[in-house]
Amino acid sequence: MKLKLGIPKGSLENATVELFRRAGFQITTSSRSYFPAIDDPEIECMLIRAQEMARYVEDGVLDAGLTGRDWVEESEAEVETVADLIYAKQSFGKVRWVLAVPEASPFRSVKDLEGKIIATELVSATKRYLAANGVTAKVEFSWGATEVKPPELADAIVEVTETGSSLRANKLRIIETVLESNTQLIANAASWKDDFKRRKLEDIRMLLQGAINALGKVGLMLNVEKKNLAAVLAVLPALKNPTISHLSDDDWLAVNTILDESTVRTILPRLKEAGAQGIVEYPLNKIVM
């Protein structure tokens, strides 16, 4: 028996393959094939556009897949959410679908778009958002390059963004957030009830979440004389609880901790000044809570 797993093709593809690599799975993609190889004989992968993933999972073509919560909501597919995985194509965070208008336009809120035209890929979710705000507007499906449509082809757009830089480059101004989204691992309802497939998905969930937990973190180990321990611990971030163990020399201790990578460059010289020796920084692939 194999688990049929959908990998999102397109903008999320590289980030997903890299996340699986950190989790311990080697996925090899090819521009000529929609069936990537994976070094796990119990998994069979298929590349599917994120926009279509939930429908194929709901229908049982796939046992499970990774896609954005936005596309699950857009398709209104009935699937099981196995895990929320906070990563995106450029960063390891959430993305936003925002309502944006030209910088020079008079629009300040969704209420100002009564009777106007809005272009977006996220048509159903946008219509629900407008209805929730009591606004009637024409929502047109955009096949791409949505940012260039205002003001000639649309009065506003609903577009996904991580940083907002593309919108600013096209002289657009964000006025509201329509939907926040993150990647999800979703499963077919029948597959989730299957003992083998559920166990496999739970294992994948643990490993992927462990890989996400380790992002931006490093391990740090060092040796210190007992007389300098207090000074060394004072340099380490207050909320961290390092592991302290004895060395063969009774006057020396080993300290091991996990830190944000961005802080190491600041505290490493201070640790040396406090008496730390043999300081080793090492990368982390997974942190399983």
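Residues numbered from 1 in each chain as written. Predicted model: local features only at pLDDT ≥ 70, side-chain atom pairs only at ≥ 80, totals over all residues. Heavy atoms only, no water.

**Overview of the environment of Ser33**
At step 1: One can find Ser33 in strand β3 (residues 33-38).
At step 2: For the pair formed by Ser33 and Leu47, sequence separation is 14 residues and the distance between their alpha carbons is 8.5 Å.
At step 3: In terms of polar contacts, Ser33 uses its side chain to reach the backbone amide nitrogen of Phe35, at 3.0 Å. (Helix = DSSP H or I, 4+ residues; strand = E, 2+ residues; numbered from the N terminus. Polar contact = N/O pair within 3.5 Å; in protein donor to acceptor, adjacent residues only side chain to side chain.)

**Thoughts on the pattern of salt bridges**
At step 1: Within the structure shown, the criterion is met by 13 salt bridges.
At step 2: Between Lys200 and Asp40 there is a salt bridge, with its nearest N and O atoms 2.7 Å apart. Highlighted residues: Lys200 in helix α7 (residues 195-213) and Asp40 in the loop between β3 and β4 (43-49), separated in sequence by 160 residues. Of the two residues, Lys200 and Asp40, both sit in the buried class.
At step 3: Through salt bridges with shared partners, one network takes in Asp40, Glu42 and Lys200. (Salt bridge = Lys/Arg side-chain N within 4 Å of Asp/Glu carboxyl O. Buried < 20%, exposed > 50% of the residue type's maximum accessible area, 1.4 Å probe, protein only.)

**Observations regarding helix α2 (residues 50-59)**
At step 1: Along α2, the positions that sit buried rather than exposed are Ala50, Met53, Ala54 and Val57. Seen along its axis, α2 keeps its buried residues to an arc of 90°; they face one direction.
At step 2: In the core, the buried residues of α2 are packed alongside β1 (3-9), β4, β5 (64-68), α3 (69-75) and β12 (183-187). (Arc of directions from axis to C-beta. Contact = heavy atoms within 4.5 Å.)

**Some points on the sheet that holds β4**
At step 1: Here we have five strands laid out as an open sheet, ordered β4-β1-β5-β12-β6, and mixed in their pairing. Whereas interior strands pair on both sides, the edge strands pair on one side only; in this sheet they are β4 and β6 (80-85). Ignoring strand direction, the axes of neighbouring strands in this sheet form an average angle of 25°.
At step 2: Sheet topology note: the β1/β5 ladder contains two bridges and is parallel. Its bridge partner lying in β5, Leu5 is registered against Ala64.
At step 3: Seen against the sheet, helix α1 (residues 13-23) touches β1, β4 and β5 and runs at an angle of roughly 135° to β1.
At step 4: Contacts from α7 reach β1, β4, β5, β6 and β12, with the element oriented near 15° to β6. (Pairing = 2+ DSSP bridges. Axes fitted to C-alpha atoms, helices over the stretch in contact; angles between N-to-C directions.)

**A short note on the pairing of strand β9 (residues 138-141)**
At step 1: Both strand β8 (residues 117-120) and β9 contribute to a ladder of four bridges, which runs parallel. Among the inter-strand pairings, Thr120 is bridged to a residue of β9, identified as Phe141.
At step 2: Assessed by its sense of winding, the connection that carries the chain from β8 through helix α4 (residues 123-132) to β9 is right-handed. (Right-handed = clockwise from strand over helix to strand, strands pointing away.)

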